Amino acid sequence: MCIAYIRFQPAQEAALFVAANRDEFHARPTAFATRWEDLPDIIAGRDLEAGGTWLGINQQGGVALITNIRNPLAIRNEAKSRGALVRNALCWQARHHGFTPATLTEFIKEQGPLEKYNGFNLIFGDSKKLYYLANDALIKQIDAQQPAKYAPYELSPGSYTLSNADLFTVWPKTKALGSSLDGIDLTAISSSDLKHLESSTTQDFINLIFEKLANNQQAPDDLLPKTGVSDDLEKLLSSPFIISPDYGTRCSSIILHFKDGGSFMAERSFNPQGQAVHQVMFYQKDGIIVSTKKDKAHLLLCPLSRSSNA
C-alpha cells in the first residue's frame, strides 16, 4: 500500500472511509480480495509471497492498512514481513472486538521488536477507535544507539492522507489526493444504499472514488521529495496512481464502515498498462456477507479518465 486517504468521523453515519492505492512490482504474486479460507473473519487481498496483506477488513468491523516508509539505504532483506502486521491487527481486533489501552499494548508486544521490520506506517482499529503505529523513528533511535521509545497514536476525528513518509509529512501526491477526496459528500451515501452492490447508486459512488484514485499526474520537479532514489524514479512515484511496466499501482480499494454496523469494501485491480482487469465488492452486516465481481472484459467497457485533479 503506497497511498491511503482516511476520513475518521465516528459521530457520523459514515464513520470511517478509506480510499487507497497499492503500489507493488507487477511480478509479485497476489490474490484478489476475498474472504480468507484459513482466517474466515478476514476479507482482503493477499500477498502470496509472504502471506500477509496491505489492507483489509474483518467481520467484526475492524480495518487495517500499511504503507512502507521509503528509505532504500535502510532496507534489510532479512526483515520480517510488514504485511503480517495487517493480518495480525485484523485477527486481534476480531478476537477482542476492538482495542483497549491494555489490549493495544499486548497487541504491539505480540508483534515482536518493531525495529525487526523495515520501515512502516500501520493504521488499524475500527469506526470507534483508530490508531497509527510507525517504526521509522524507532529504527533511527536504535541506529544512533539511543534509548528506543515509541508509542501508538490514537487518531482524532478528521481526514488524513498517508504515503511513504510518516503520517505527518505532506508530499505533493498526498496533498492532491487529500484535497480531491475531502470534497466527497459522505452524507449522500448510506449503509442501506451500498448493500445493493449492483445498484446505480453504488456503481456511481465507487466509480467516482476510483476515478479520483486514478490520478497519475506527476509532481513538478521542484516539489519532488528526496527519499534516496533516483530523480527519474522519484518523478515516477510522485503521482497517486503509478503506471510503469515493472512497478506500479496494482489495485485501488475503498472501505466504508457505518454506525449501523454495516461495512463495504471494493477493490479494483490493474495490469501494468493501468487497465482495470478485476473488480470485487463486499457488503457485510450482522454476520451476512454478499459479494460480486467483474472481469476485465466488463471493466474495459468503461475505462477511467487519467491525470484528474478534480
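Every value quoted in this text rests on a predicted model; they were computed, and no experiment measured them.

1. Thoughts on the overall build of the chain
Move 1: Counting its regular elements, the chain contains 8 helices and 14 strands.
Move 2: Its C-alpha atoms give the chain a radius of gyration of 18 Å, within 12% of the compact-globule value 19 Å for 310 residues.
Move 3: Seen along its three principal axes, the alpha-carbon backbone of the chain occupies a region of about 55 × 45 × 35 Å.
Move 4: By residue count, 53% of the 310 residues in the chain fall in the buried class.

2. Considerations on the nonpolar core
Move 1: By size, the foremost hydrophobic cluster in this structure holds 25 residues, and its most contacted members are Ile-6, Val-18, Leu-55, Ile-123, Leu-130 and Met-265.
Move 2: Secondary structure elements with two or more residues in this core: β1 (3–8), β2 (14–25), β5 (55–58), β6 (63–68), β8 (130–134), β10 (158–162), β11 (247–258) and β13 (276–285).
Move 3: Counting 24 residues, the second largest nonpolar core, distinct from the first, contains Ala-14, Phe-17, Leu-177 and Phe-258.

3. Observations regarding empty space enclosed by the protein
Move 1: Within this structure, the stated rule accounts for 2 cavities of 30 Å³ or more.
Move 2: Within this model, the largest cavity holds a volume of roughly 50 Å³.
Move 3: Looking at the second largest cavity, its volume works out to about 30 Å³.
Move 4: Surrounding the second largest cavity, Ile-6, Leu-16, Val-18, Val-63, Ala-64, Leu-65, Ile-123, Phe-124 and Leu-130 form its lining.
Move 5: Looking at the lining of the second largest cavity, the elements that each hand over two or more residues are β2, β6 and β7 (120–125).
Move 6: Broken down by element, the lining of the second largest cavity gets its largest block of residues, 3 residues, from β6.

4. Concerning the packing of helix α4 (residues 172–182) against helix α6 (residues 200–213)
Move 1: Taken N-terminus to C-terminus, the directions of α4 and α6 make an angle of 160 degrees; their axes are 10 Å apart at the nearest point. Between α4 and α6, the interaxial angle falls into the category roughly antiparallel. Here α4 runs over α6; the crossing is right-handed. Contacts from Leu-177, Ser-180 and Leu-181 of α4 reach α6 at Ile-209, Lys-212 and Leu-213.
Move 2: In terms of residue class, the contact of α4 with α6 is built from 4 nonpolar, 1 polar and 1 charged.

5. Examining the sheet that holds β2
Think of a sheet as strands paired side by side through backbone hydrogen bonds, with each pair either parallel or antiparallel.
Move 1: Strand order in the open sheet formed by 7 strands is β10-β1-β2-β11-β12-β13-β14, with antiparallel pairing between adjacent strands. One side of each edge strand has no neighbouring strand; the edge strands of this open sheet are β10 and β14 (288–295). Along the sheet, successive strands turn relative to each other by an average axial angle of 10 degrees, direction set aside.
Move 2: Together, β1, β2 and β10 form the strand contacts of α4, whose direction differs from that of β1 by roughly 40 degrees.

6. Considerations on the packing of aromatic side chains
Move 1: Counted according to the given criterion, the structure contains 14 aromatic pairs.
Move 2: Look at Phe-99 and Phe-107: their rings are 5.5 Å apart centre to centre, the planes differ by 65 degrees, and that puts the pair in the edge-to-face class. You'll find Phe-99 and Phe-107 in the same group, each marked buried.
Move 3: Between the aromatic rings of Phe-99 and Phe-124, the centroid separation amounts to 5.1 Å while the plane-to-plane angle is 75 degrees, which identifies the pairing as edge-to-face. Placement of Phe-99 in the loop between α1 (83–96) and α2 (101–110) and of Phe-124 in strand β7 is noted, with a sequence separation of 25 residues between them.
Move 4: With relative accessibility at 0%, the residue Phe-124 sits in the buried group.
Move 5: Cluster of aromatic residues (ring-pair linked, three or more members): Trp-92, Phe-99, Phe-107, Phe-124 and Tyr-131.
Move 6: In this arrangement the basic side chain of Arg-22 is found over the ring face of Trp-54, its NZ or CZ atom lying 3.9 Å from the centre.
Move 7: The ring of Trp-36 has Arg-46 lying over it, and the distance from NZ or CZ to the ring centre is 3.7 Å.

7. Overview of the layout of surface pockets
Move 1: Space inside the largest pocket adds up to approximately 930 Å³.
Move 2: Lining the largest pocket are 35 residues, and of these Glu-24, Phe-25, Asn-68, Arg-82 and Tyr-247 sit closest to its centre.
Move 3: Only β2 and β6 provide two or more residues apiece to the lining of the largest pocket.
Move 4: Per-element tally for the lining of the largest pocket: the top contributor is β2, with 4 residues.
Move 5: In the lining of the largest pocket, the residues fall into 15 nonpolar, 9 polar and 11 charged.

Thresholds, definitions, all that
- Residues numbered from 1 in each chain as written.
- Predicted model: local features only at pLDDT ≥ 70, side-chain atom pairs only at ≥ 80, totals over all residues.
- Heavy atoms only, no water.
- Helix = DSSP H or I, 4+ residues; strand = E, 2+ residues; numbered from the N terminus.
- Rg over C-alpha atoms; globule rule 2.2 N^0.38 Å.
- Buried < 20%, exposed > 50% of the residue type's maximum accessible area, 1.4 Å probe, protein only.
- Core = buried A, V, L, I, M, F, W, Y, C linked by side-chain atoms within 4.5 Å.
- 1 Å grid on protein atoms, 1.4 Å probe; cavity = no way out; pocket = protein on both sides within 12 Å on 5 of 7 lines; lining within 4 Å.
- Points joined across faces, edges and corners; volume = space filled by probe spheres on them.
- Axes fitted to C-alpha atoms, helices over the stretch in contact; angles between N-to-C directions.
- Parallel < 35°, antiparallel > 145°, perpendicular 65-115°, else oblique.
- Left-handed = near helix turned anticlockwise from the far one by under 90°.
- Contact = heavy atoms within 4.5 Å.
- Nonpolar A, V, L, I, M, F, W, Y, C, P; charged D, E, K, R; others polar.
- Pairing = 2+ DSSP bridges.
- Phe/Tyr/Trp six-rings, centres within 6.5 Å; stacked < 30°, edge-to-face > 60°.
- Lys NZ or Arg CZ within 6 Å of the ring centre and 35° of its normal.

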